[in-house]
2 protein chains.
Amino acid sequence: MPKLLLLAQNPDQYLTLFHAALPELEIITAPAADCELAFGDPSLLKDAVPHLPNLKWIQSTWAGVEPLLNPALPRNYILTNARGVFGPLMSEYVFGYLLLHERNILQHVESQKQNRWNGMLTGTLRGKTIGLMGVGSIGAHVAGTAKHFGMTVHGFTRASEDCADVDAYFHADLPAFAAGLDYLVNILPNTRETRQLIDASVLAALPAHALFVNVGRGSAVDEPALAAALDEGRLRGAVLDVFQQEPLPPGHVFWRTPNLLITSHTAAPSFPKDLAALFVKNYRRFVSGQPLKYQVDFERGY
Amino acid sequence: MPKLLLLAQNPDQYLTLFHAALPELEIITAPAADCELAFGDPSLLKDAVPHLPNLKWIQSTWAGVEPLLNPALPRNYILTNARGVFGPLMSEYVFGYLLLHERNILQHVESQKQNRWNGMLTGTLRGKTIGLMGVGSIGAHVAGTAKHFGMTVHGFTRASEDCADVDAYFHADLPAFAAGLDYLVNILPNTRETRQLIDASVLAALPAHALFVNVGRGSAVDEPALAAALDEGRLRGAVLDVFQQEPLPPGHVFWRTPNLLITSHTAAPSFPKDLAALFVKNYRRFVSGQPLKYQVDFERGY
């Protein structure tokens, strides 16, 4: 009977879901030498990996798998991440905040507190340009939502140009990409190449009315440069779900930066139902000897 | 040379747009006996109509045309309203507020004011059921956006069943329609048949976790019954853009009703560019003798 190590935030929900779908699976919650399969959160799995000498496959519940990419950890197994499930959730987050901004929702809430009928006209997403840094499965979904709302979509990728909802691709000149945008959304994973990519030069290239949204990784942003741009009114606003240090430390400049909205790395929650379904599909491929979906390249980092 | 009476909130923008597109048109801003065409806001046009004995056609900048439906006013002309332009704008409003609710955006804003990292998980639109009262051109667009976000769509109409994005239609039993919803959105126009349609029985049928959004007309709602349902926690929340009296009077119970968000009849702003384009198209049909688009039935009221 195959043995699966389960290390996730909601073990009981996963146990119920796995027992129902895969009754043949023996599920354990602490590493065992003969265990070949593992499922869960990279932050929890990283300490277990050295104690799994027969590990063949890990299915991550996250899209980003940084904790398992530590070069000190073994890499002699197949690592698959969670893809396909986060695109719709990320789109909800991104467009929730884009509409909050465009429709002046917080201003209306404030007017209401003062019992004031606020007849200000609002803007619209239609005709605006959104720039996506990273157009993988999440970016492609965000691009589709942007098209639904009548936006023009620019994409910044290393080389790929395979999303039909992207109107124009950019690969090298990030300031040129930034210059034409109303909204800049970072979806890039944390790799050597994405670190500090959104620096003072990119922020200076963005139009002053632009809004920056980060749902990728905090490492992509020069945080002091972003705080300065917002402080000096050179940028309309920012919505950040990810930070170089999480939780955001109490003394961090972002807590006192104007026109900045902070959320807590919750843009795309890992719903057990979604992740269990993804595992079950990949598990069926595993037992039938088919190549697994969503394999991570340890060198590339995603 | 055909004469057009222009009575709208932004006359200068329309003048520029009309001059550019239709240089042959003489545009006047006060009624004249020989004027056959009028364009503008129904609230401004209603006083002009009795002074336009040769009126052949009015193009309204609004979707709802109540001020021109007053039985004391002449009806011996073709009245066309604005359709097709408000669907995308209404969708932005509706989904801005649905995502505000589902993603706990206001709670995150409050946490941030207290410098507090709020790790609460959020909900998702995916899998939720939205009920649309009214599935005309606006409702159809909202239905399409709901489908994009993975929702189930129920539609309440008098008889029509022609929107492919509606999963189930209801025509008679409004409480039965309400009972299965996570979100109820009213888009109905103000007619004799829609008045007070959303009454205590409908509100009682809605699940307690449901959110009610009104972008149709305030006349459709029993306002004291809605205030009571929110006050007693029998309904999760409401977002209202329209009211029986606008602006909402200072003493109105809604100013002190909990879990209620108020906006000022601005869900679908009339952007001159959109409305001028719509007029120009209909005008070309008018001069070439083709039937006009978006004709209003004075008896039906829309």
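Residue positions are given per chain, counting from 1 as you read along its sequence in written order. Labels follow written order: the first chain is A, the first ligand is 1, and so on. Selection of residues for local features in this predicted model requires a pLDDT of at least 70, selection of side-chain atom pairs for listing and counting requires 80 or more, and totals for whole chains, interfaces and linings are taken over all residues.

This brings us to the overall build of chain A. For the purposes of this entry, the term helix denotes a DSSP run of H or I that reaches at least four residues, the term strand denotes a run of E that reaches at least two, and both are numbered from the N terminus. Looking only at helices and strands, one finds 9 helices and 12 strands in chain A. Note on contacts: residues are paired as contacts if their backbone-placed C-beta atoms lie within 7 Å. Residue pairs at least 24 apart in sequence account for 59% of intrachain contacts in chain A once pairs closer than 6 positions are excluded.

Okay, the pairing of strand β1 (residues 3–7) of chain A next. Residues and elements named next belong to chain A. Labels follow a simple rule on C-beta atoms placed from the backbone: if 20 or more others lie within 10 Å of a residue's own, it is buried; if 12 or fewer, it is exposed; otherwise it is partly exposed. Extensive coverage of β1 is indicated by the burial of 4 of its 5 residues. The sheet contact formed by β1 and strand β2 (residues 26–28) spans 3 bridges and is parallel. Opposite leucine 4, over in β2, you have isoleucine 27 as the bridge partner. Seen with the strands pointing away from the viewer, any crossover whose path from the first strand over the helix to the second strand runs clockwise is right-handed. In this fold, the crossover linking β1 to β2 by way of helix α1 (residues 11–21) has right-handed handedness. Note on pairing: DSSP must find at least two bridges between two strands before they are called paired.

For soluble globular proteins, the rule of thumb is that nonpolar side chains tend to be buried together. Val185 of chain A together with Val185 of chain B are the most contacted members of the largest nonpolar core, which totals 181 residues. Valine 185 of chain A has contacts with Val94, Ile130, Gly131, Leu132, Met133, Val142, Val213 and Val215 of chain A, leaving out every residue within four places of it along the chain. Working definition: the nonpolar core is a set of buried Ala, Val, Leu, Ile, Met, Phe, Trp, Tyr and Cys residues, joined through C-beta atoms within 7 Å.

Residue and element names in this part refer to chain A. When its domains are assigned, chain A resolves into domain 1 (3–84 + 270–287) and domain 2 (87–262). Each domain's limits were defined by an automated method or a database of domain assignments. Domain 1 and domain 2 are separated by 32 Å when their C-alpha centres are compared. Contacts between domain 1 and domain 2 engage 5 residues on the former and 6 residues on the latter.

What follows concerns the sheet that holds strand β3 (residues 37–40) of chain A. Residue and element names in this part refer to chain A. In space, the 5 strands of this open sheet follow the order β2-β1-β3-β4-β5, with parallel pairing throughout. The open sheet has two edge strands with one neighbour each: β2 and β5 (78–80). Pairs of neighbouring strands in the sheet enclose a mean axial angle of 20 degrees, with direction left out of account. As paired strands, strand β4 (residues 57–60) and β5 are joined by 3 bridges and run parallel to one another. For helices, the fitted axis covers only the stretch in contact; all axes are lines through C-alpha atoms, and the angles between them, taken along N-to-C directions, range from 0 to 180 degrees.

Moving on to the interface of chain B and chain A. Taken together, the contacts link 37 residues of chain B with 37 residues of chain A. Those elements that place two or more of their residues in the side of chain B that touches chain A are α3 (86–102), α4 (105–113), α5 (137–148) and β12 (260–262) of chain B. Of all the elements, α3 of chain B adds the most residues to the side of chain B that touches chain A, at 8 residues. In the side of chain B that touches chain A, the residues fall into 20 nonpolar, 14 polar and 3 charged. Ten residues, namely Ala, Val, Leu, Ile, Met, Phe, Trp, Tyr, Cys and Pro, are considered nonpolar, four, namely Asp, Glu, Lys and Arg, are considered charged, and the remaining ones, Gly among them, are considered polar.

It is worth spelling out unusual backbone geometry at this point. A cis amide bond, omega -10 degrees, links glutamate 246 of chain A with the succeeding residue proline 247 of chain A. Residue placement: proline 247 of chain A occurs in the loop between β11 (237–240) and β12 (260–262). Here the phi dihedral of glutamine 196 of chain A falls at roughly 60 degrees; this positive angle occurs in a residue that is not glycine. Counting through the fold element by element, glutamine 196 of chain A comes out in the loop between β9 (183–186) and α7 (200–205). Using a count of 14 C-beta atoms within 10 Å as the deciding quantity, one classes glutamine 196 of chain A as partly exposed. Of note, the phi angle at asparagine 259 of chain B is positive, near 55 degrees, even though the residue is not glycine. Classification of asparagine 259 of chain B by C-beta neighbours within 10 Å gives partly exposed; the count is 15.

Right, let's get into the relation of the copies chain B and chain A. Once chain B is rotated about the relating axis by 180 degrees and shifted along it by 0.0 Å, it coincides with chain A to within an RMSD of 0.0 Å. Here the symmetry operator amounts to a two-fold rotation axis. For chain B, the smallest separation between a C-alpha atom and the rotation axis is recorded for glycine 96 of chain B, amounting to 2.8 Å. To line up the copies, we fit them by least squares on C-alpha atoms, keeping just the residues with pLDDT of at least 70 in both.

This paragraph deals with the pairing of β9 of chain A. Looking along a regular strand, one sees the side chains alternate between the two faces of the sheet. Residue and element names in this part refer to chain A. In β9, alternate side chains face the same way, and those of Tyr183 and Val185 on one face and Leu184 and Asn186 on the other are all buried. With 4 bridges joining them, strand β6 (residues 129–133) and β9 adopt parallel strand pairing. Its bridge partner lying in β9, isoleucine 130 is registered against tyrosine 183. Between the parallel pair β9 and strand β10 (residues 211–214), the chain is carried across by α7, and the sense of this crossover is right-handed.

Further remarks concern the packing of helix α1 (residues 11–21) of chain B against helix α9 (residues 272–287) of chain B. Residues and elements named next belong to chain B. Taken N-terminus to C-terminus, the directions of α1 and α9 make an angle of 40 degrees; their axes are 10 Å apart at the nearest point. As summarised for this structure, α1 and α9 are arranged oblique, according to the angle between their axes. Judged by the sense of rotation from one axis to the other, the crossing of α1 with α9 is right-handed. In this structure, α1 contributes Gln13, Tyr14, Leu17, Phe18 and Ala21 to the contact, and α9 contributes Pro272, Lys273, Ala276 and Val280. The residue makeup of the contact of α1 with α9, split by class, is 7 nonpolar, 1 polar and 1 charged. Oblique is the label for any angle not covered by the other classes, which are roughly parallel (under 35 degrees), roughly antiparallel (over 145) and roughly perpendicular (65 to 115). Should the near helix be turned counterclockwise from the far one by less than a right angle, the crossing is left-handed, whereas a clockwise turn marks it as right-handed.

In any sheet, the strands associate via hydrogen bonds between backbone groups, in a parallel or an antiparallel arrangement. Residue and element names in this part refer to chain B. Spatial strand order, β2-β1-β3-β4-β5: 5 strands in an open sheet with parallel pairing. A strand with exactly one partner marks an edge of an open sheet, and here the two such strands are β2 (26–28) and β5 (78–80). Taken pair by pair, the neighbouring strands of this sheet meet at an average axis angle of 20 degrees, ignoring direction. In this sheet, strand β3 (residues 37–40) lies alongside strand β1 (residues 3–7) in parallel orientation, the contact comprising 4 bridges. Bridged to leucine 7 within β3 is glycine 40.

This part is about the environment of proline 247 of chain B. Here proline 247 of chain B falls in the partly exposed class, since 14 other C-beta atoms lie within 10 Å of it. With 18 residues separating them in the primary sequence, proline 247 of chain B and histidine 265 of chain B have C-alpha atoms 8.6 Å apart. If near-sequence neighbours (up to four positions away) are discounted, proline 247 of chain B is found in contact with Trp117 of chain A together with Ser264 of chain B.

All names here are of chain A. One can describe the packing of helix α3 (residues 86–102) onto helix α5 (residues 137–148) by two numbers: an axis separation of 8 Å at closest approach and a directional angle of 50 degrees. Taken together, the axis directions place α3 and α5 in an arrangement best described as oblique. For the pair α3 and α5, the sense of crossing is right-handed. Here Phe86, Gly87, Pro88, Met90, Ser91, Val94 and Phe95 of α3 lie close against α5, whose contacting residues are Ser137, Ile138, Ala140, His141, Val142 and Thr145.

Residue-level confidence of the predictor is summarised by pLDDT, bounded by 0 at the bottom and 100 at the top. Residue-level pLDDT values for chain A average 96, and 100% of them are 70 or greater. Complex prediction metrics read pTM 0.92 and ipTM 0.91.

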